[in-house]
Amino acid sequence: EVQLVESGGGLVQPGGSLRLSCAASGFTLGSHWMTWVRQVPGKGLEWVANIRKDGTTIYYVDSVKGRFTISRDNARNSVYLQMNSLRAEDTAVYYCARDANYYDGSFYYDVFDVWGQGTMVTVSS
Amino acid sequence: IQMTQSPSSLSASVGDRVTITCRASQGIRNDLSWYQQKPGKAPKLLIYATSILQGGVPSRFSGSGSGTDFTLTVSSLQPEDFATYYCLQDYLYPRTFGQGTRVEIK
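How each quantity is defined
- Residues numbered from 1 in each chain as written.
- Chains lettered and ligands numbered in written order.
- Predicted model: local features only at pLDDT ≥ 70, side-chain atom pairs only at ≥ 80, totals over all residues.
- Heavy atoms only, no water.
- Contact = heavy atoms within 4.5 Å.
- Buried area = accessible area lost by both parts, 1.4 Å probe.
- Salt bridge = Lys/Arg side-chain N within 4 Å of Asp/Glu carboxyl O.
- Polar contact = N/O pair within 3.5 Å; in protein donor to acceptor, adjacent residues only side chain to side chain.
- Helix = DSSP H or I, 4+ residues; strand = E, 2+ residues; numbered from the N terminus.
- Nonpolar A, V, L, I, M, F, W, Y, C, P; charged D, E, K, R; others polar.
- Buried < 20%, exposed > 50% of the residue type's maximum accessible area, 1.4 Å probe, protein only.
- Lys, Arg positive; Asp, Glu negative; His and termini not counted.
- Phe/Tyr/Trp six-rings, centres within 6.5 Å; stacked < 30°, edge-to-face > 60°.
- Lys NZ or Arg CZ within 6 Å of the ring centre and 35° of its normal.

(A) Representation of the interface of chain A and chain B within the structure. Chain A puts 23 residues into the contact, and the matching count from chain B is 21 residues. Where chain A abuts chain B, roughly 1900 Å² becomes buried across the two surfaces, and 65% of that area is made up of carbon and sulfur atoms. Considering only the side of chain A, the residues that lose the most area to chain B are Leu 45, Tyr 109 and Asp 110 of chain A, jointly responsible for 31% of the buried surface there. Note that Arg 95 of chain B and Asp 110 of chain A form a salt bridge whose closest N and O atoms lie 2.6 Å from each other. Counting across the chain A and chain B interface gives eight residue pairs in polar contact (both at pLDDT 80 or more). Where the side of chain A that touches chain B is concerned, the elements lending two or more residues are strand S4 (33–39), strand S5 (45–51), strand S6 (58–60), strand S11 (108–109) and strand S12 (112–115) of chain A. At four residues, S5 of chain A tops the list of elements feeding residues into the side of chain A that touches chain B. Taken together, the residues of the side of chain A that touches chain B sort by class into 15 nonpolar, four polar and four charged.

So this is what it looks like as C-alpha coordinates:
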(Lines give C-alpha, C1' and ligand atoms only; values in the text may rest on other atoms or scores of the structure.)
Protein backbone atom coordinates (compact mmCIF):
# COMPACT_ATOMS: atom_id res chain seq x y z
CA GLU A 1 0.00 0.00 0.00
CA VAL A 2 1.29 3.44 -0.92
CA GLN A 3 1.47 5.42 2.29
CA LEU A 4 2.99 8.44 3.99
CA VAL A 5 3.13 8.71 7.77
CA GLU A 6 4.18 11.90 9.52
CA SER A 7 5.57 12.04 13.04
CA GLY A 8 7.43 14.39 15.34
CA GLY A 9 4.75 16.95 16.08
CA GLY A 10 4.01 18.21 19.55
CA LEU A 11 4.03 21.17 21.89
CA VAL A 12 7.03 23.47 21.79
CA GLN A 13 7.77 26.89 23.26
CA PRO A 14 8.27 29.93 21.04
CA GLY A 15 11.84 29.99 19.80
CA GLY A 16 12.13 26.24 20.11
CA SER A 17 12.76 23.54 17.52
CA LEU A 18 11.08 20.43 16.21
CA ARG A 19 11.94 17.92 13.53
CA LEU A 20 9.11 16.38 11.59
CA SER A 21 9.52 13.11 9.73
CA CYS A 22 7.55 11.67 6.86
CA ALA A 23 7.98 7.93 6.33
CA ALA A 24 7.16 6.62 2.89
CA SER A 25 6.16 3.07 2.03
CA GLY A 26 4.79 1.21 -0.97
CA PHE A 27 6.69 3.26 -3.55
CA THR A 28 10.19 4.43 -4.44
CA LEU A 29 10.69 7.69 -2.61
CA GLY A 30 13.64 8.68 -4.79
CA SER A 31 11.39 8.88 -7.83
CA HIS A 32 9.35 11.80 -6.47
CA TRP A 33 9.59 15.40 -5.42
CA MET A 34 8.13 15.74 -1.94
CA THR A 35 6.23 18.60 -0.37
CA TRP A 36 5.18 19.86 3.05
CA VAL A 37 1.84 21.65 3.43
CA ARG A 38 0.43 23.05 6.65
CA GLN A 39 -2.99 24.03 7.91
CA VAL A 40 -3.88 26.14 10.90
CA PRO A 41 -6.86 24.40 12.54
CA GLY A 42 -10.06 25.71 11.01
CA LYS A 43 -8.17 27.62 8.31
CA GLY A 44 -6.92 27.03 4.78
CA LEU A 45 -3.97 25.15 3.34
CA GLU A 46 -0.51 26.68 3.01
CA TRP A 47 2.30 25.26 0.88
CA VAL A 48 5.49 25.28 2.95
CA ALA A 49 8.39 23.69 1.07
CA ASN A 50 9.38 21.06 -1.44
CA ILE A 51 12.48 19.09 -2.37
CA ARG A 52 13.64 17.53 -5.61
CA LYS A 53 13.96 13.76 -5.98
CA ASP A 54 17.71 13.82 -5.27
CA GLY A 55 17.58 16.66 -2.75
CA THR A 56 19.50 19.09 -4.92
CA THR A 57 16.73 21.65 -5.38
CA ILE A 58 14.60 23.10 -2.60
CA TYR A 59 11.97 25.83 -2.37
CA TYR A 60 10.33 27.49 0.64
CA VAL A 61 7.50 29.87 1.32
CA ASP A 62 8.92 33.21 2.44
CA SER A 63 7.52 32.97 5.98
CA VAL A 64 9.73 29.97 6.84
CA LYS A 65 12.90 30.80 4.92
CA GLY A 66 15.92 30.79 7.19
CA ARG A 67 14.02 28.93 9.93
CA PHE A 68 12.86 25.67 8.33
CA THR A 69 14.96 23.14 6.46
CA ILE A 70 13.54 20.37 4.31
CA SER A 71 15.69 17.33 3.64
CA ARG A 72 15.37 13.73 2.60
CA ASP A 73 17.05 10.36 2.95
CA ASN A 74 15.90 8.16 0.10
CA ALA A 75 17.73 5.16 1.51
CA ARG A 76 15.68 5.47 4.69
CA ASN A 77 12.48 6.29 2.74
CA SER A 78 12.04 9.48 4.71
CA VAL A 79 11.57 13.20 4.28
CA TYR A 80 12.18 15.68 7.08
CA LEU A 81 11.25 19.20 8.09
CA GLN A 82 13.57 20.76 10.63
CA MET A 83 11.79 23.71 12.21
CA ASN A 84 13.80 26.22 14.23
CA SER A 85 12.94 29.55 15.84
CA LEU A 86 9.33 28.49 16.00
CA ARG A 87 6.61 31.12 16.34
CA ALA A 88 3.00 30.96 17.46
CA GLU A 89 1.94 31.42 13.84
CA ASP A 90 3.66 28.14 12.93
CA THR A 91 1.01 26.30 14.93
CA ALA A 92 -0.68 24.01 12.42
CA VAL A 93 -1.20 20.49 11.18
CA TYR A 94 1.72 19.62 8.92
CA TYR A 95 1.15 17.26 6.00
CA CYS A 96 3.70 15.70 3.71
CA ALA A 97 2.63 14.91 0.17
CA ARG A 98 4.04 13.03 -2.78
CA ASP A 99 4.35 14.87 -6.07
CA ALA A 100 3.60 12.59 -9.01
CA ASN A 101 4.83 15.29 -11.44
CA TYR A 102 2.76 15.02 -14.60
CA TYR A 103 4.58 15.91 -17.85
CA ASP A 104 2.48 16.73 -20.91
CA GLY A 105 5.38 16.85 -23.34
CA SER A 106 5.99 20.53 -22.74
CA PHE A 107 5.52 21.35 -19.07
CA TYR A 108 5.62 19.68 -15.69
CA TYR A 109 2.68 19.93 -13.30
CA ASP A 110 2.53 19.30 -9.56
CA VAL A 111 0.31 16.37 -8.72
CA PHE A 112 0.02 15.86 -4.97
CA ASP A 113 -1.52 12.43 -5.20
CA VAL A 114 -0.60 10.87 -1.86
CA TRP A 115 -0.84 12.62 1.51
CA GLY A 116 -0.01 11.65 5.04
CA GLN A 117 -2.50 11.93 7.89
CA GLY A 118 -0.77 15.02 9.28
CA THR A 119 1.03 15.83 12.52
CA MET A 120 0.05 18.68 14.83
CA VAL A 121 2.60 21.27 15.86
CA THR A 122 1.64 23.65 18.66
CA VAL A 123 3.89 26.58 19.48
CA SER A 124 2.91 28.03 22.83
CA SER A 125 4.38 28.98 26.18
CA ILE B 1 0.68 34.70 -6.93
CA GLN B 2 -2.58 35.20 -5.05
CA MET B 3 -5.40 32.74 -5.67
CA THR B 4 -8.94 33.92 -4.92
CA GLN B 5 -11.78 31.45 -4.78
CA SER B 6 -15.44 32.30 -4.98
CA PRO B 7 -17.72 31.82 -3.33
CA SER B 8 -16.14 31.23 0.09
CA SER B 9 -19.06 28.99 0.92
CA LEU B 10 -22.23 27.76 -0.69
CA SER B 11 -25.28 25.74 0.23
CA ALA B 12 -26.55 23.21 -2.27
CA SER B 13 -28.81 20.20 -2.50
CA VAL B 14 -28.05 16.69 -3.66
CA GLY B 15 -28.31 16.64 -7.42
CA ASP B 16 -27.43 20.31 -7.88
CA ARG B 17 -24.83 21.50 -10.36
CA VAL B 18 -22.13 23.39 -8.47
CA THR B 19 -19.43 25.64 -9.85
CA ILE B 20 -16.49 27.03 -7.91
CA THR B 21 -14.25 29.71 -9.37
CA CYS B 22 -10.57 30.34 -8.78
CA ARG B 23 -8.88 33.50 -10.03
CA ALA B 24 -5.12 34.03 -10.14
CA SER B 25 -3.52 37.45 -9.61
CA GLN B 26 -1.47 36.85 -12.76
CA GLY B 27 -1.52 34.39 -15.61
CA ILE B 28 -0.64 30.85 -14.59
CA ARG B 29 -1.06 29.10 -17.93
CA ASN B 30 -3.02 25.97 -17.00
CA ASP B 31 -0.92 25.12 -13.95
CA LEU B 32 -3.77 24.58 -11.54
CA SER B 33 -5.10 21.71 -9.48
CA TRP B 34 -8.11 21.14 -7.24
CA TYR B 35 -8.26 19.37 -3.89
CA GLN B 36 -11.14 18.22 -1.73
CA GLN B 37 -10.84 18.13 2.04
CA LYS B 38 -13.23 16.71 4.59
CA PRO B 39 -13.05 17.59 8.30
CA GLY B 40 -10.14 15.94 10.08
CA LYS B 41 -8.79 14.43 6.88
CA ALA B 42 -5.92 15.15 4.53
CA PRO B 43 -6.69 16.83 1.22
CA LYS B 44 -7.51 14.62 -1.73
CA LEU B 45 -6.44 15.37 -5.29
CA LEU B 46 -9.33 15.75 -7.72
CA ILE B 47 -7.96 17.47 -10.84
CA TYR B 48 -4.54 18.59 -12.05
CA ALA B 49 -3.26 20.58 -15.02
CA THR B 50 -6.63 22.39 -14.93
CA SER B 51 -8.73 19.60 -16.40
CA ILE B 52 -7.15 16.17 -15.95
CA LEU B 53 -9.20 14.01 -13.61
CA GLN B 54 -7.18 12.06 -11.08
CA GLY B 55 -7.69 8.32 -11.27
CA GLY B 56 -10.61 7.10 -9.20
CA VAL B 57 -12.30 10.50 -9.04
CA PRO B 58 -15.90 10.41 -10.27
CA SER B 59 -16.56 11.89 -13.68
CA ARG B 60 -19.10 14.34 -12.23
CA PHE B 61 -16.07 16.45 -11.32
CA SER B 62 -14.57 18.55 -14.09
CA GLY B 63 -12.21 21.48 -14.40
CA SER B 64 -11.67 24.17 -16.98
CA GLY B 65 -9.96 27.47 -17.56
CA SER B 66 -6.67 29.01 -18.55
CA GLY B 67 -4.60 32.06 -17.75
CA THR B 68 -6.20 33.64 -14.71
CA ASP B 69 -9.70 32.16 -14.46
CA PHE B 70 -10.52 28.59 -13.59
CA THR B 71 -13.57 26.61 -12.55
CA LEU B 72 -14.33 23.37 -10.79
CA THR B 73 -17.74 21.95 -11.62
CA VAL B 74 -19.64 19.16 -9.94
CA SER B 75 -22.37 18.16 -12.36
CA SER B 76 -24.66 16.46 -9.85
CA LEU B 77 -23.73 16.92 -6.21
CA GLN B 78 -23.68 13.74 -4.15
CA PRO B 79 -23.83 13.40 -0.34
CA GLU B 80 -20.12 12.52 -0.17
CA ASP B 81 -19.20 15.75 -2.02
CA PHE B 82 -20.00 18.02 0.90
CA ALA B 83 -16.53 19.24 1.81
CA THR B 84 -14.12 22.14 1.36
CA TYR B 85 -12.44 22.61 -2.01
CA TYR B 86 -9.12 24.30 -2.68
CA CYS B 87 -7.38 25.36 -5.85
CA LEU B 88 -3.57 25.39 -6.04
CA GLN B 89 -1.31 27.08 -8.58
CA ASP B 90 1.96 25.40 -9.49
CA TYR B 91 3.12 27.92 -12.08
CA LEU B 92 5.52 29.78 -9.79
CA TYR B 93 7.14 29.38 -6.38
CA PRO B 94 5.94 29.61 -3.75
CA ARG B 95 2.95 27.49 -4.63
CA THR B 96 -0.24 29.08 -3.36
CA PHE B 97 -3.67 27.76 -2.49
CA GLY B 98 -6.96 29.53 -2.74
CA GLN B 99 -8.65 30.24 0.59
CA GLY B 100 -11.12 27.40 0.11
CA THR B 101 -14.79 26.98 -0.73
CA ARG B 102 -16.97 25.18 1.76
CA VAL B 103 -19.85 23.26 0.18
CA GLU B 104 -22.64 22.68 2.67
CA ILE B 105 -25.94 20.85 2.56
CA LYS B 106 -28.96 23.03 1.95
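(B) Here's a closer look at the side chain of Asp 90 of chain B. Tracing the sequence through the fold places Asp 90 of chain B in the loop between strand S9 (84–89) and strand S10 (96–97). In this structure, Asp 90 of chain B is buried with no salt-bridge partner, the nearest side chain bearing the opposite charge being Arg 95 of chain B at 4.8 Å. Excluding residues within four positions of it along the chain, Asp 90 of chain B makes contact with Tyr 108, Tyr 109 and Asp 110 of chain A together with Asp 31, Leu 32 and Arg 95 of chain B.

(C) Expanded view of unusual backbone geometry. Residue and element names in this part refer to chain B. In this model, Ser 6 is joined to Pro 7 through a cis peptide bond whose omega is -5 degrees. Within the element layout of this structure, Pro 7 appears in the loop between strand S1 (3–6) and strand S2 (9–12). In this chain, Tyr 93 is followed by Pro 94 through a cis amide linkage whose omega measures -5 degrees. Assignment of secondary structure puts Pro 94 in the loop between S9 and S10.

(D) Expanded view of the packing of aromatic side chains. Counted under the stated rule, the structure contains 13 aromatic pairs over all chains. Taking the centre distance of 6.5 Å and the plane angle of 15 degrees together, the rings of Trp 33 of chain A and Tyr 59 of chain A count as stacked. Here the residue Trp 33 of chain A occupies a position in strand S4, and Tyr 59 of chain A occupies one in strand S6, the gap between them amounting to 26 residues. Exposure remark for Tyr 59 of chain A: the relative accessible area of 31% places this residue in the partly exposed category. By way of ring pairs, the aromatic residues Tyr 95, Phe 112 and Trp 115 of chain A together with Tyr 35, Tyr 86 and Phe 97 of chain B are connected into one cluster. Just above the ring of Tyr 80 of chain A sits the side chain of Arg 19 of chain A; from NZ or CZ to the centre is 3.9 Å. Directly above the ring of Phe 107 of chain A sits Arg 29 of chain B, whose terminal nitrogen or CZ lies 3.6 Å from the centroid.

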